[in-house]
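Residue strings, one per chain:
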Amino acid sequence: MNKLNVLYEDNHIIVVEKPINVLSQADNTNDVDMLTLIKNYLKEKYQKPGNVYLGLVHRLDRVVGGVMVFAKTSKAASRLSNEIRLNNVKKTYLAIINGNIKESDTFIDYLLKKDDFNTIVTNKEKGKYAELSYKLLEYNKEKDLSLVEVNLKTGRHHQIRVQFASRNHPLIGDKRYGTDNVKEIGLYAYKLSFIHPVKRELMEFSCIPMSSLFKEFKKLK
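Residues numbered from 1 in each chain as written. Predicted model: local features only at pLDDT ≥ 70, side-chain atom pairs only at ≥ 80, totals over all residues. Heavy atoms only, no water.

J.: Explain the side chain of Asp-109 to me, please; I cannot follow it from the model alone.
T.: Here Asp-109 lies in strand 6 (residues 104-113). Assessed through its relative accessible area of 12%, Asp-109 is described here as buried. Sequence-distant contacts of Asp-109, defined by excluding residues within four places in its chain, comprise Thr-122, Lys-128, Tyr-129, Ala-130, Gln-163 and Arg-167. (Helix = DSSP H or I, 4+ residues; strand = E, 2+ residues; numbered from the N terminus. Buried < 20%, exposed > 50% of the residue type's maximum accessible area, 1.4 Å probe, protein only. Contact = heavy atoms within 4.5 Å.)

J.: When you look at unusual backbone geometry in this model, what are you seeing that I'm missing?
T.: Note: most peptide bonds trans; most residues except glycine with negative phi. With phi around 65 degrees, Asn-21 is a residue other than glycine that occupies positive phi space. Within the secondary structure, Asn-21 is located in the loop between strand 2 (13-18) and helix 1 (34-45). The class of Asn-21 is partly exposed, set by a relative accessible area of 44%. At His-158, a position not held by glycine, the phi torsion is positive, near 60 degrees. Mapping His-158 onto the fold places it in the loop between strand 9 (145-152) and helix 3 (159-165).

J.: For this particular structure, what's the right way to read the nonpolar core?
T.: Most often, soluble globular proteins have nonpolar side chains that are buried together. Among the nonpolar cores identified, the biggest contains 30 residues, and Ile-38, Phe-70, Val-150, Ile-160 and Phe-164 are the most heavily contacted of them. Of all the elements in the fold, those that place two or more residues in this core are strand 2, helix 1, strand 4 (65-71), strand 5 (90-98), strand 8 (128-140), strand 9, helix 3 and strand 10 (187-195). Sorting elements by how many residues they give to this core places helix 1 first, with four residues. In contact with Ile-160, not counting residues within four places along its chain, are Tyr-93, Leu-132, Val-150, Leu-152, Leu-171 and Leu-187. Formed by 26 residues, the second largest nonpolar core is a distinct cluster that contains Ala-76, Tyr-190, Leu-192 and Cys-207. (Core = buried A, V, L, I, M, F, W, Y, C linked by side-chain atoms within 4.5 Å.)

J.: I would appreciate a short explanation of the packing of aromatic side chains in the present structure.
T.: For any two aromatic rings, the description comes down to two numbers: the centre-to-centre distance and the angle of the planes. Under the defined criterion, the tally for this structure stands at seven aromatic pairs. For the ring pair Tyr-8 and Phe-205, a centre distance of 5.5 Å and an interplane angle of 40 degrees mean the geometry is tilted. Taken as a pair, Tyr-8 in strand 1 (residues 5-9) and Phe-205 in strand 11 (residues 202-206) lie far apart in primary sequence, 197 residues in all. Phe-205 gets classed as buried once you look at its relative accessible area, which sits at 11%. Taken together, Tyr-8, Phe-194 and Phe-205 form an aromatic cluster joined through their ring pairs. (Phe/Tyr/Trp six-rings, centres within 6.5 Å; stacked < 30°, edge-to-face > 60°.)

J.: For this particular structure, what's the right way to read helix 2 (residues 74-85)?
T.: A rise of 1.5 Å per residue sets the reference length of helix 2, with its twelve residues, at 16 Å; its end C-alpha atoms lie 16 Å apart and thus fit the reference within 8%. Every buried residue of helix 2 is listed here: Ala-76, Ala-77, Leu-80 and Glu-83. For helix 2, the arc enclosing every buried residue in end-on projection is 130 degrees, short of the 170-degree limit, so these residues lie on one face. Exposed residues on helix 2 whose side chains face more than 90 degrees from its buried face are Ser-74 and Arg-85. Packing partners of the buried residues in helix 2 comprise strand 2, strand 3 (55-56), strand 4 and strand 10. Asn-87 lies just past helix 2 and shows a positive phi near 60 degrees. (Expected span 1.5 Å × (residues − 1). Arc of directions from axis to C-beta.)

J.: Mind showing me how you'd approach the confidence of the model for the protein chain here?
T.: When pLDDT is low, close inspection of the predicted coordinates is not appropriate. In this model, the protein chain carries a mean pLDDT of 93, and residues with pLDDT of at least 70 account for 98%. Confidence, expressed as mean pLDDT per element, reaches its minimum in the protein chain at helix 4 (residues 212-215) with 90 and its maximum at strand 2 with 98. (pLDDT = per-residue confidence, 0-100.)

J.: Help me out: how do you make sense of helix 1 in this one?
T.: An α-helical turn contains 3.6 residues, so a residue and the one three or four places further along point in the same direction. Taking 1.5 Å of rise per residue, the twelve residues of helix 1 would be expected to cover 16 Å, and the 16 Å separating its terminal C-alpha atoms lies within 8% of that figure. The set of residues buried in helix 1 consists of Met-34, Leu-35, Ile-38 and Leu-42. Around the axis of helix 1, the buried residues are gathered within 100 degrees of arc, so they sit on the same side. Summarising the contacts, the buried residues of helix 1 are in contact with strand 1, strand 2, strand 3 and strand 4. Where helix 1 begins, one side-chain oxygen reaches toward the backbone nitrogen of Leu-35, 3.2 Å away; that side chain belongs to Asp-33. Following helix 1 by one or two positions, Gln-47 adopts a phi angle in the positive range, close to 50 degrees. (Polar contact = N/O pair within 3.5 Å; in protein donor to acceptor, adjacent residues only side chain to side chain.)

If you want it as structure tokens, here you go:
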């Protein structure tokens, strides 16, 4: 893969762009993952002979690219994790969905993971509370696709994908919750804002997706 795209780094945190189809952390596939990539980058940059500490405080699905923050100290990891638990970390996504959707809305559901598969379903009795809001940025009439900006209130597994799919607006390229054969999913974590764990300053980082899927929209050209 290409060189790591570092958006910001100091003694406490490092903010990077995660490419699509790269794991957030290692699993049993032994495929490339962000934790290992960044540890190797830090080891080489600072010529550290031993192990490098790096805290994973949030994740992105393998198929989703975008902005991620990692902690370089255990104190920063603890504070960032707590901010995420309190919903003080703002995560904003760009999503390409099938169909023409109304200009803005808030979705509230209760999401449950099925026992047999890594698949999420809506279940009001047993599911966990999930909330997001979105606004329509552009509609491509020729392809019947909508580009929306999504703000997550909660961070449930597959939340954006499930909540749009359950309203008959699955994301383009979502093979698990949709039906089309597009190879890449139309979802990108393009903005992340949070309070710095040590400096206590508001930090905001963004990245525009470079994939051909998103370049179809004038707003992103």
